[in-house]
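Spelled out from the first residue to the last, the chains are:
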Amino acid sequence: MKQEFRQLRLSQLDRNIMNLHDLPARPVTGWLSAVREALGLTLEEVGRHIHASRQAVQQFEKAEANDRITLAALRRVAEAMGCEVKYALLPKVGSFVELAERPIRDRAKKDVESVLHTMMLEDQKPENADQLIEDEVQRRLTRRKTR
């Protein structure tokens, strides 16, 4: 993918997930069980909608709670309860742009710190090490964008 399109895609992803970091954690029993119970539906009622037994619906709930359900099955049960499934991948920390830049930042930091170490041994270590690292990161990011 061309670099300018990659940057655009990263920015679009960041805009799309802007508010998703505030979503609540999945309930211990899973969303299927929590939603079904909150709606006052029985396992049998949900099962009738998807032409499955009470036990099958219970297995779907257990599978979801244990991260073992397929998206197709999750959608099927959600639909039976009048819900839809939406999912997303979110960076653990920061944004997609930051996640994409992390390897460049890590490499630049390592390279600059190596030079700084040598300078320190020669009693020439500069005072602004963090700024030198950031300057090198920006130089590498700029060079990458112009390729």
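Everything below is about the structure shown above.
Residues numbered from 1 in each chain as written. Predicted model: local features only at pLDDT ≥ 70, side-chain atom pairs only at ≥ 80, totals over all residues. Heavy atoms only, no water.

Help me understand the overall build of the chain in this model?
Each helix and strand counted, the chain has seven helices and zero strands in total. Secondary structure elements in the chain, listed N-terminal to C-terminal, are α-α-α-α-α-α-α. In terms of overall size, the chain is more extended than a compact globule, its C-alpha atoms giving a radius of gyration of 25 Å where 147 residues would be expected to give roughly 15 Å. The dimensions of the chain, computed from C-alpha atoms along their principal axes, are 75 × 35 × 20 Å. Each of the 147 residues in the chain was classed as buried or not, and the buried ones make up 29%. For the chain, contacts bridging at least 24 residues in sequence account for 64% of all contacts bridging at least 6. If you sum the accessible surface of the chain, you get close to 10800 Å²; carbon and sulfur atoms cover 53% of it. Here the chain carries 26 positive and 23 negative side-chain charges, and the mean point of each set is 7 Å from the other. (Helix = DSSP H or I, 4+ residues; strand = E, 2+ residues; numbered from the N terminus. Rg over C-alpha atoms; globule rule 2.2 N^0.38 Å. Buried < 20%, exposed > 50% of the residue type's maximum accessible area, 1.4 Å probe, protein only. Contact = heavy atoms within 4.5 Å. Areas by Shrake-Rupley, 256 points an atom, 1.4 Å probe, with all protein chains shown as cover. Lys, Arg positive; Asp, Glu negative; His and termini not counted. Charge placed at Lys NZ, Arg CZ, Asp CG, Glu CD.)

Explain helix α4 (residues 54-65) to me, please; I cannot follow it from the model alone.
Structural remark: α-helix, 3.6 residues per turn; residues separated by three or four positions point the same way. A rise of 1.5 Å per residue sets the reference length of α4, with its 12 residues, at 16 Å; its end C-alpha atoms lie 17 Å apart and thus fit the reference within 8%. Downstream of α4 by one or two residues, Asp-67 has phi in the positive range, about 60°. (Expected span 1.5 Å × (residues − 1).)

Hey, could you run me through the packing of helix α3 (residues 43-50) against α4 in this one?
Packed helix pairs are specified by the crossing angle of their axes together with the interaxial distance, meaning the distance between the axes. Two numbers describe how α3 lies on α4: the axes approach to 8 Å, and their chain directions differ by 95°. By the angle between their directions, the pair α3 and α4 is classed as roughly perpendicular. Residue-level inspection shows Leu-43, Glu-44, Val-46, Gly-47 and Ile-50 of α3 in contact with α4, the latter providing Arg-54, Val-57, Gln-58, Phe-60 and Glu-61. Looking at the contact of α3 with α4 residue by residue, the class counts come to five nonpolar, two polar and three charged. (Axes fitted to C-alpha atoms, helices over the stretch in contact; angles between N-to-C directions. Parallel < 35°, antiparallel > 145°, perpendicular 65-115°, else oblique. Nonpolar A, V, L, I, M, F, W, Y, C, P; charged D, E, K, R; others polar.)

Got a minute to help me understand the environment of Thr-142 in this structure?
As for its placement among the helices and strands, Thr-142 is situated in helix α7 (residues 129-145). Thr-142 gets classed as partly exposed once you look at its relative accessible area, which sits at 46%. In this structure the side chain of Thr-142 is engaged in a polar contact, spanning 2.8 Å, whose partner is the backbone oxygen of Gln-138. (Polar contact = N/O pair within 3.5 Å; in protein donor to acceptor, adjacent residues only side chain to side chain.)

Is there a simple way to think about unusual backbone geometry in this case?
Excluding glycine, residues mostly carry a negative phi; peptide bonds, for their part, are mostly trans. You will see that His-51, though not glycine, has its phi angle at about 55°, which is positive. Tracing the sequence through the fold places His-51 in the loop between α3 and α4. Overall, the relative accessible area of 75% leaves His-51 in the exposed class.

Which parts of the structure should I look at to understand empty space enclosed by the protein?
Regions of empty space are outlined by a rolling probe, equal in size to a water molecule, passed over the atoms. Under the counting rule described, the total for this entry stands at one cavity of 30 Å³ or more. Taken as a whole, the largest cavity encloses approximately 40 Å³ of empty space. Lining the largest cavity, in full, are Gln-7, Leu-10, Val-97, Ala-100, Glu-101, Leu-141, Arg-144 and Lys-145. Elements supplying a minimum of two residues to the lining of the largest cavity: α1 (3-16), α6 (96-121) and α7. Looking at the lining of the largest cavity residue by residue, the classes come out as four nonpolar, one polar and three charged. (1 Å grid on protein atoms, 1.4 Å probe; cavity = no way out; pocket = protein on both sides within 12 Å on 5 of 7 lines; lining within 4 Å. Points joined across faces, edges and corners; volume = space filled by probe spheres on them.)

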